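Geometric and topological summary
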Amino acid sequence: MLVEVNPSKVIMGRLFYGKDLLQELNLICNENNIKLGRIEALGAVQRASLGYYRQPTHEYHFFVLEQPLEITKLVGNISLKESNPFVHAHITLADEQGKTYGGHLADGTIVFACEYIIQVFEGPDLHRLFDEQTGLPLWQSAS
Ligand code: ZN
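Residues numbered from 1 in each chain as written. Predicted model: local features only at pLDDT ≥ 70, side-chain atom pairs only at ≥ 80, totals over all residues. Heavy atoms only, no water.

Only H88 (NE2), H90 (NE2) and H104 (ND1) from the protein reach the zinc ion as donors, at distances of 2.0 to 2.1 Å. For the zinc ion, all donor residues lie on one chain, and their spacing in sequence is H-x1-H-x13-H. Residue H88 is classed as partly exposed on the basis of its relative accessible area of 23%. On the basis of relative accessibility, which here comes to 38%, the residue H90 falls in the partly exposed class. (Donors = N, O, S within 2.8 Å, 3.2 Å for Na, K, Ca; no water. Buried < 20%, exposed > 50% of the residue type's maximum accessible area, 1.4 Å probe, protein only.)

Looking now at the nonpolar core. Ranked by internal contacts, the top residues of the largest apolar core, which has 28 residues, are L21, L74, L93 and I118. For this core, the secondary structure elements donating two or more residues are helix 1 (21–31), strand 2 (37–54), strand 4 (69–81), strand 5 (84–94), strand 6 (100–105) and strand 7 (110–122). (Core = buried A, V, L, I, M, F, W, Y, C linked by side-chain atoms within 4.5 Å. Helix = DSSP H or I, 4+ residues; strand = E, 2+ residues; numbered from the N terminus.)

Let us look at the pairing of strand 5. Sheet analysis places strand 4 next to strand 5, joined by 11 bridges and oriented antiparallel. Following the sheet pairing, G76 is matched in strand 5 by A89. Here five bridges tie strand 5 to strand 6, and the two strands are oriented antiparallel to one another. Across the sheet, the residue bridging to T92 is G102, located in strand 6. (Pairing = 2+ DSSP bridges.)

The structure is reproduced here in structure tokens:
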């Protein structure tokens, strides 16, 4: 499936020390009614909580990295889940040796400093609905 979208505006800013990274991104999208878009960010976190999806059992395994890490890349998208703007993001983090960790960004990842850019799109509503085959809330086309 695919939908055609058009670039609208770009917003950028920073997230404050001590905030929950994923919750703040969701808040920005909800407060600004951003229903479709993409996100990138970089910076550093005080700790991280990431998910890994276990495909055979259709369950997320969450793990915590209890250490300061650089955000070398955060990439995400914005669509609708239960009719609300919803951020889905993956993140790659590096320690002081440059060793990287990555996964599905989860609640509990705490900002040290973070600069984000959100590209807003205009287009048809894109909803996440339960997908039987994967067990995940995946995009469904409206038609
Ligand atoms: Zn994910």
